[in-house]
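A look at the structure
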Amino acid sequence: MSNVVKIKGGVPLIGDVTINGSKNAISAILPAACLAKPGSHSVIKNVPDISDIETHCAILKEIGITASFDREHHTLTLSGSVEQVSLSETNAPKIRASNLYLGALLAIKGEVHMPFCGGDQIGDRPLDIHFSIFHKFKINTEIKDGHINCLATEFPLKAATVYLRYPSVGATENALLIASLAEGTSYIYNAACEPEITDLAITLNNMGAQIHGAGTPIIRVTGVSELGSISHEVIPDRLEYCTFLMAFACTHGKGRILGGIPEHSISVLQTLIDSGVSIHFEDGITYVDATCDTYNPINISALPYPGLPTDVQPLLAVFATLCKGTSVIQDSVFKNRFGYAKEFSKMGISSLHLYDHLCINGPQQFKAAHVKGTDIRAASSLVLAALCATSETTLTGYSHVARGYENFVRKLHSLGAHIDLY
Ligand code: EPU
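We now turn to the structure provided with this report.

How each quantity is defined
- Residues numbered from 1 in each chain as written.
- Predicted model: local features only at pLDDT ≥ 70, side-chain atom pairs only at ≥ 80, totals over all residues.
- Heavy atoms only, no water.
- Helix = DSSP H or I, 4+ residues; strand = E, 2+ residues; numbered from the N terminus.
- Buried < 20%, exposed > 50% of the residue type's maximum accessible area, 1.4 Å probe, protein only.
- Contact = heavy atoms within 4.5 Å.
- Areas by Shrake-Rupley, 256 points an atom, 1.4 Å probe, with all protein chains shown as cover.
- Lys, Arg positive; Asp, Glu negative; His and termini not counted.
- Charge placed at Lys NZ, Arg CZ, Asp CG, Glu CD.
- Phe/Tyr/Trp six-rings, centres within 6.5 Å; stacked < 30°, edge-to-face > 60°.
- Lys NZ or Arg CZ within 6 Å of the ring centre and 35° of its normal.
- Axes fitted to C-alpha atoms, helices over the stretch in contact; angles between N-to-C directions.
- Parallel < 35°, antiparallel > 145°, perpendicular 65-115°, else oblique.
- Salt bridge = Lys/Arg side-chain N within 4 Å of Asp/Glu carboxyl O.

1. Section: the overall build of the protein
- What the protein contains, in helices and strands, is 13 helices and 23 strands.
- Along the three orthogonal principal directions, the C-alpha set of the protein runs to about 65 × 45 × 45 Å.
- Among the 422 residues that make up the protein, the fraction classed as buried is 57%.
- Here the contacts in the protein between residues at least 6 apart in sequence split such that 73% fall between residues at least 24 apart.
- As displayed, the protein offers around 16,200 Å² of accessible surface, 52% of which is attributable to carbon and sulfur atoms.
- Across the protein, 31 positive and 39 negative side-chain charges occur, with their mean positions spaced 4 Å apart.

Here it is, written out as structure tokens:
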């Protein structure tokens, strides 16, 4: 897989871009496919062509489910049913979302054995909230030699009331998967409210589940004895949508974003509008005009939804370098998600990192350099940084971007960026 991009910046991006399906939504929907009864045939539309999908399909194959991806039509069809409750070292450690196969296999079989999930290196990512949910459903968890072994003390599982000490996205998804097939009515308190949770609940309800309140902090799930096939169209990727908003803003460009859902990104839109970017909406299209000369500084805190997404704060840090005055960026979701600041400094940007805050005094000009992306959003923020620099930047670690953005380079090209993949 190509891992290096060269970018010559200084060009305002201009044109139209279309948003693909959400990586984080499909990452929860594919584990849900394990819950479909034998003989099911699932069809999922608007699936993004990203490398994380290949990893999910490989995991599903290990379990006994065959996935076939029609890339041209962004459609994934799934057949077969769960025959295995163990995942190998080959695929699960590649992505964080493999932890959702814990909930999926527990729901359908009451047992699962797998290596620890992987994913982006963006600080501590424990699974204690997931394990406390399993405990409430009377599932024992044992960690041994880097493996997670879970076994239900009684199966079929019985409903439970769970309170999450933090509204974790993945833990809420695991709770939904388990509760959907557990006998009786379960309650999930302090649930995550992200649009991807709602999309998972819609998918499960279409399969026959009875989930009420998804998208709010209290979810009620009445378990059913079996679930049918998936027939679903994945929501657009709000993080890709925000990335292109930021790409127009950071290059003082102008364009239209098609296929996104602006309501999913109010926090980011409001931040940009308050700062001076002109944005309006018509017939589902987002019009961005960032041709103004200066921006007001930003003061933001990444929070659980509907707060500003942690995944967008690295991109807003690029934007902060263009703002006149001191911008403050805090991340209370992943408190250490500031690794990109070291790479920014190689590009001539000075910033002050204090615990979970980053302060940037602007305006400052990015200079071309050799930089390395270490996770998907840090790498995409470095692409934006390079688009702001005037000569050629070389970015390694581009494979992180390919995990979650379909045709990122091609889309930027079509907006006039000088970017090449090696
Ligand atoms: N946390 C715990 N214990 C747990 C679970 C989470 O302490 O058992 C903490 C985490 O360490 C973190 C916070 O809770 O500080 C939030 O983590 P959460 O569980 O909500 O995140 P996640 O489910 O692992 C998903 C997305 C991330 C996104 C976060 C937050 C997927 C596959 N990943 O991760 O997406 O940043 O929610 O919104 O859905 C990305 O797309 O770049 C990405 C990393």
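2. Observations regarding the packing of aromatic side chains
- All told, the structure shown has eight aromatic pairs when counted by the stated rule.
- Note on Tyr295 and Phe319: the rings are 4.6 Å apart at their centroids and 40 degrees apart in plane angle, and the pair reads as tilted. Within this pair, whereas Tyr295 is found in the loop between β16 (285-289) and β17 (299-302), its partner Phe319 is found in helix α9 (residues 313-320), the two being separated by 24 residues in sequence. Here Tyr295 and Phe319 have matching classes, each one buried.
- Measuring from centroid to centroid gives 6.2 Å for Phe338 and Tyr340, while their planes differ by 50 degrees, and the two rings are tilted.
- Phe338 gets classed as buried once you look at its relative accessible area, which sits at 3%.
- Put simply, the rings of Phe338, Tyr340, Phe344 and Phe366 pair up and form one aromatic cluster.
- Seen from the ring of Tyr422, Lys6 lies directly overhead, with NZ or CZ sitting 5.5 Å from the centre.

3. Let's talk about the packing of helix α1 (residues 23-32) against helix α2 (residues 51-63)
- Where α1 meets α2, the axes come as close as 11 Å, and the angle between the chain directions of the two elements is 5 degrees. Considered as vectors, α1 and α2 are oriented roughly parallel to each other. Along its contact with α1, which presents Lys23, Ile26, Ser27, Leu30 and Pro31, the element α2 presents Asp52, Ile53, His56 and Leu60.

4. Section: the side chain of Ser380
- With respect to the element layout, Ser380 can be found in helix α11 (residues 376-388).
- Residues contacting Ser380, with those up to four places away along its chain left out, are Leu315, Val401, Tyr405 and Phe408.

5. A closer look at the pattern of salt bridges
- By the definition in use, this model includes 13 salt bridges.
- Between Arg256 and Asp16 there is a salt bridge, and its shortest N-O distance comes to 2.9 Å. Remark: Asp16 occurs in strand β2 (residues 14-18) and Arg256 occurs in strand β14 (residues 254-258); sequence separation between them is 240 residues.
- Residues joined by salt bridges that share partners form a network here, namely Asp49, Glu54 and Arg71.

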